[in-house]
Amino acid sequence: QVQLVESGGGLVEPGGSLRLSCAASRSIFSIYDMGWYRQAPGKQRELVAQITNGGRINYADSVKGRFTISRDNAKNTLYLQMNSLKPEDTAVYYCNAHKQGFTRNYDYWGQGTQVTVSS
């Protein structure tokens, strides 16, 4: 069982920055892939950034060069640094922990944190 708690969302102007945090209830980064997802009203949830248990990082094309995913293993915390924010980044951002098992997959989600980019 894993609990994830996001924080750091808020209202920012276009071009601004936010740093999202995802605190995990225990040490999981060695066995779980971690990701940030977002969902805007009327749109599908999309993967924004991912860091695998082995440390490989992937970004959605829409955020490459602007967002940075990282983790602090000692603190069991995942981060998403968001720079040069655009109105289209407005969404609820979710932290996800994923592990592929033999008979089923394991997915844990945080409650989400709202990011609003508006002038």
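In case you missed it, the structure is sitting above this.
The structure displayed is predicted, hence computed values, not measured ones.

Cut-offs used in this document
Residues numbered from 1 in each chain as written. Predicted model: local features only at pLDDT ≥ 70, side-chain atom pairs only at ≥ 80, totals over all residues. Heavy atoms only, no water. Core = buried A, V, L, I, M, F, W, Y, C linked by side-chain atoms within 4.5 Å. Buried < 20%, exposed > 50% of the residue type's maximum accessible area, 1.4 Å probe, protein only. Helix = DSSP H or I, 4+ residues; strand = E, 2+ residues; numbered from the N terminus. Contact = heavy atoms within 4.5 Å. Disulfide = S-S within 2.5 Å.

Chemist: Quick question: what am I supposed to make of the nonpolar core here?
Modeler: Soluble globular proteins tend to pack their nonpolar side chains together in the buried interior. In terms of nonpolar packing, the biggest core is built from 31 residues, with Leu4, Met34, Leu80 and Tyr93 touching the most fellow members. The set of elements that each furnish at least two residues to this core consists of strand E3 (18-24), strand E4 (33-39), strand E5 (46-51), strand E7 (67-72), strand E8 (77-82), strand E9 (91-100) and strand E11 (113-117). Non-local contacts of leucine 80, meaning those with residues more than four positions away in its chain, are made with Leu18, Arg19, Leu20, Trp36, Val48, Ala49, Phe67, Thr68, Ile69 and Tyr93.

Chemist: Whenever I open this one, the state of the cysteines confuses me. Can you help?
Modeler: Defined simply, a disulfide is a covalent bond joining two cysteines at their sulfur atoms. Throughout the structure, instances matching the rule amount to 1 disulfide. Disulfide partner of cysteine 22: cysteine 95, at an S-S distance of 2.0 Å. As the torsion about the S-S bond is roughly -75°, the cysteine 22-cysteine 95 disulfide counts as left-handed. Pair noted here: cysteine 22 is in strand E3 and cysteine 95 is in strand E9, with a separation of 73 residues, a long-range link.

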